[in-house]
There are 2 protein chains.
Amino acid sequence: MNIVLLSGGSGKRLWPLSNDIRSKQFIKIFKKEDGSFESMVQRVYHQIKKVDKDADITIATSKTQVSAIHNQLGNEVGVSIEPCRRDTFPAIALSTAYLVDVKGISPDESVVVCPVDPYVEDDYFEALKALSDQADKGEANLVLMGIEPTYPSEKYGYVVPATKDSVSLVSAFKEKPTVDAAKEYISQGALWNGGVFAYKLRYVLDRAHELIDFKDYQDLYDKYETLTKISFDYAVVEKEEKIQVMRFNGQWKDIGTWNTLTEAMEDNVIGKGVLNDTCKGVHIVNEMDVPVLAMGLTDVVISASPEGILVSDKEQSSYIKPYVDSFVQQIMFAEKSWGNFKVIDVETGSMTIKVTLNAGHSMNYHSHNHRDEVWVVISGTGKTILDGKEQKVSKGDVITMKAGCKHTVIADSELKLIEVQIGEGISVQDKIKHEL
Amino acid sequence: MNIVLLSGGSGKRLWPLSNDIRSKQFIKIFKKEDGSFESMVQRVYHQIKKVDKDADITIATSKTQVSAIHNQLGNEVGVSIEPCRRDTFPAIALSTAYLVDVKGISPDESVVVCPVDPYVEDDYFEALKALSDQADKGEANLVLMGIEPTYPSEKYGYVVPATKDSVSLVSAFKEKPTVDAAKEYISQGALWNGGVFAYKLRYVLDRAHELIDFKDYQDLYDKYETLTKISFDYAVVEKEEKIQVMRFNGQWKDIGTWNTLTEAMEDNVIGKGVLNDTCKGVHIVNEMDVPVLAMGLTDVVISASPEGILVSDKEQSSYIKPYVDSFVQQIMFAEKSWGNFKVIDVETGSMTIKVTLNAGHSMNYHSHNHRDEVWVVISGTGKTILDGKEQKVSKGDVITMKAGCKHTVIADSELKLIEVQIGEGISVQDKIKHEL
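Residues numbered from 1 in each chain as written. Chains lettered and ligands numbered in written order. Predicted model: local features only at pLDDT ≥ 70, side-chain atom pairs only at ≥ 80, totals over all residues. Heavy atoms only, no water.

Visitor: Outline the interface of chain B and chain A, supporting the account with residue identities and numerical values.
Guide: The interface of chain B with chain A comprises 53 residues on the first partner and 53 residues on the second. In total, about 4,300 Å² of surface goes out of reach between chain B and chain A, with carbon and sulfur atoms giving 69% of it. Taken as a group, Leu293(B), Met295(B) and Ile309(B) account for 16% of the area that chain B buries against chain A, more than any other trio of residues on that side. Seen at the junction of chain B and chain A, the total is eight salt bridges. The partner of Lys395(A) in a salt bridge is Glu424(B), with the nearest N and O atoms 2.9 Å apart. For the interface between chain B and chain A, the tally reads 24 residue pairs in polar contact (both at pLDDT 80 or more). It is strand 19 (residues 308-313) of chain B that provides the largest number of residues to the side of chain B that touches chain A, a total of six residues. (Contact = heavy atoms within 4.5 Å. Buried area = accessible area lost by both parts, 1.4 Å probe. Salt bridge = Lys/Arg side-chain N within 4 Å of Asp/Glu carboxyl O. Polar contact = N/O pair within 3.5 Å; in protein donor to acceptor, adjacent residues only side chain to side chain. Helix = DSSP H or I, 4+ residues; strand = E, 2+ residues; numbered from the N terminus.)

Here it is, written out as structure tokens:
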């Protein structure tokens, strides 16, 4: 099966674990059999490979997430990079063109487009495969997944199937309804719209060419910024008459808030944390090195990261966004394709960062105009290049770089260093990349 | 008036703000008129000086607190240092000898001994002065403060006065009672024992010589470790017949738990923090640089420091101690007489610290056997001495010290530096002090 996973934008609803460059799908929160934790994107990726080891997986996402994707899934996975955010129709059109023009997949093949963050079991991916097979048959132009509703939710769109068969033509769509309307829809046999589309690649390419003037993938990529923001539902689904829906009645959860996310946690505490025996329904997700102690709380989620600390009643946690929007804060940590960094001290005129480079990786060769930097290697081995000069480095070595000095470090083994930045107006914008 | 403030031990009940070297009395939590915050010890010191600007103030405390006391009160304040903890009788005896032998105060003068951490208004210190004046009269050997009880507390000892006069002889003492017994005592006119003693210096010196074989202050100090732990109540008060009690009916609070401490806070939030409008009775005390967001909580205290994060129902917060005792953790920050330090990163084989030196101050001249160190000056000016060699330093300078190298830094202006320690088995014990 060909599958495109739509990896969405910044997930402030799971602050402080998500931030402008780490979306919720990258938070390592799901316990694996070996006791370690994996993220939503890792979980979904491994589930797909388990169900279909030959699945061709492409992640459709923005530039800002590419480092995190390669860091978590390795460099093998296909990534269709959106140069900027333009809603789901341009994103799906771009990734469809990517599959045909970059990956060389035949336009007669089918693809399943699916959000990257459903919390589901393996049967969900079996269903995606069935969806792909159904699209192959060509009975309809689009095949959707219809989730059997478990309660009259106001959060989802509804799909009304023409028959009660496992696969049926769609007779109507209903937008997010009131609870009463939802009850009515469900009594009439309506299903939740799972946000999954299966289609033959040629179908969406044709729709895209009708709506956008472009030659091929590269051309679409180059003019992406000029495209109008429009959803796939609005641009394609609503105008299409030949749509089928396939029923799915397995476990399906949309993990968008702390409330729903904690329901999917196996343990109550991830990271250093203690709950006293008067706590009920309390979850701790702690990415800091120091302990969290919770006493006498009920239905509360506590999360701590280098970005901040959330303590919220679980119900209330869905109203987090405006508060987080009001925090003006620099990025305090990030995963990069080469490793990660963490800000450990901020002062006026200086900033101190811990940088971890994965074995075999290096940072960009770059310089700064307005700051000096000092590196102290605290573990590992590698080499630095300063203004073209190579030098081996290991634990305890100190490297000083004046403003303007071009520099990089290449890790032989995993290499950690403390970087002290000194200057006025330290900014992530003050970074000039150079060719080596 | 002469006054000795008893500054007690490690206050784990206010974790994570208090730790083994920062007791609760040093937490800056009380809002001043200028909007900044002061600690309990600063608040009490300034209140005494306001009521009696000539008051001779001595803090009786342990070695570990001396740096914090000088950091918060300056170097003028007298400090009677207990070489180790031996309960209140040896502590009061030692500070009494200190007043006579070190400060040269006549043994015929009176002194008031008082805990350092009552949360009170200025009238309390007027009352201490009256207590001192009463002791001067010599009508009794000890004068106590009796607090008019406001409820039948089980937490306090009770003093039964012989008469209803403002000053009266004591007819009986009652240990911490049950609520029912407390009601009975109060109906009989009993007062809370405020833990304050006024006496002529000679009186306690005589009692001390009866119980301990010592010549003078220095001798008592030298043999302090050999003394038996015994409380002043048990060693002196219970055996004395001529005791007066003076009534006090002003505000008096004992701030020993998060619950009582938050009652004394003027603002609900100290440090970076946001309460949403569904929070009720929530207090945040945040010493971290990142925000705390609290949503939908009731009667909860949240406190964050480099040591950890507490989230507790206020009632439950008094049961904190065993949990904190179970945390095995190094000291993450400390105030010193010369400034302060904060651990900003810990790895196997390395530790990174931010050191702030106050202007004109220096750290001890010292060396380490098992670690190398690197300093990066991030602000201020001063000089370093490395193996006897002086060198001026300022922002951006990098100083490297191999294990064994004797080193110190002396600040001209306030000087901040990042110290990276590298070695196996980094430990605070690995520090050898040297003469300059």
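Visitor: An account of the relation of the copies chain B and chain A is needed here, citing residue identities and associated values.
Guide: Of the two same-sequence chains, chain B is brought onto chain A (RMSD 0.1 Å, axial shift 0.1 Å) by a rotation of 179°. Considering both components of the superposition, the chain copies are consistent with a two-fold axis. Judged by C-alpha distance, Ile344(B) is the residue of chain B that lies nearest the rotation axis, at 2.9 Å. The residues that chain B uses at the interface reappear at the interface of chain A in 100% of cases, marking a shared surface. (Least-squares fit on C-alpha atoms with pLDDT ≥ 70 in both.)

Visitor: Summarise the environment of Glu126(A); cite the residues concerned and give the values.
Guide: The topology assignment puts Glu126(A) in helix 4 (residues 122-137). Sequence separation between Glu126(A) and Ile48(A) is 78 residues; the distance between their C-alpha atoms is 8.5 Å.

Visitor: Now, about the sheet that holds strand 22 (residues 350-357) of chain A: what can you tell me, with residues and values included?
Guide: Residues and elements named next belong to chain A. If you walk across this open sheet you meet the six strands as 20-21-22-29-24-27, and the pairing is antiparallel. Each having just a single partner strand, strand 20 (333-336) and strand 27 (398-401) make up the two edges of the open sheet. Averaged over neighbouring strand pairs, the angle between their axes works out to 20° when direction is ignored. Note: strand 24 (residues 372-379) against strand 29 (residues 415-422), seven bridges, orientation antiparallel. Counterpart to valine 377 in the pairing with strand 29 is leucine 417. Packed onto the sheet, helix 2 (residues 63-73) meets strand 20 and strand 21 (339-347) and runs at close to 65° relative to strand 20. (Pairing = 2+ DSSP bridges. Axes fitted to C-alpha atoms, helices over the stretch in contact; angles between N-to-C directions.)

Visitor: Summarise the environment of Trp252(B); cite the residues concerned and give the values.
Guide: Residues and elements named next belong to chain B. Tracing the sequence through the fold places tryptophan 252 in strand 13 (residues 252-254). With relative accessibility at 14%, the residue tryptophan 252 sits in the buried group. On a C-alpha basis, the gap between tryptophan 252 and glutamate 335 in space is 28 Å, while along the polypeptide they are 83 residues apart. Those residues within four positions of tryptophan 252 in sequence are excluded, and the remaining contacts are Pro118, Tyr119, Val120, Tyr124, Ile147, Tyr156, Trp192 and Gly194. (Buried < 20%, exposed > 50% of the residue type's maximum accessible area, 1.4 Å probe, protein only.)

Visitor: Give me the lowdown on the confidence of the model for chain A, citing residues and values where you can.
Guide: Fine structural detail should not be taken from predicted coordinates in areas where pLDDT scores are low. In the predicted model, chain A carries a mean pLDDT of 93, and 99% of its residues have values of at least 70. Predicted as a complex, the structure gets a pTM of 0.82 and an ipTM equal to 0.82. (pLDDT = per-residue confidence, 0-100.)

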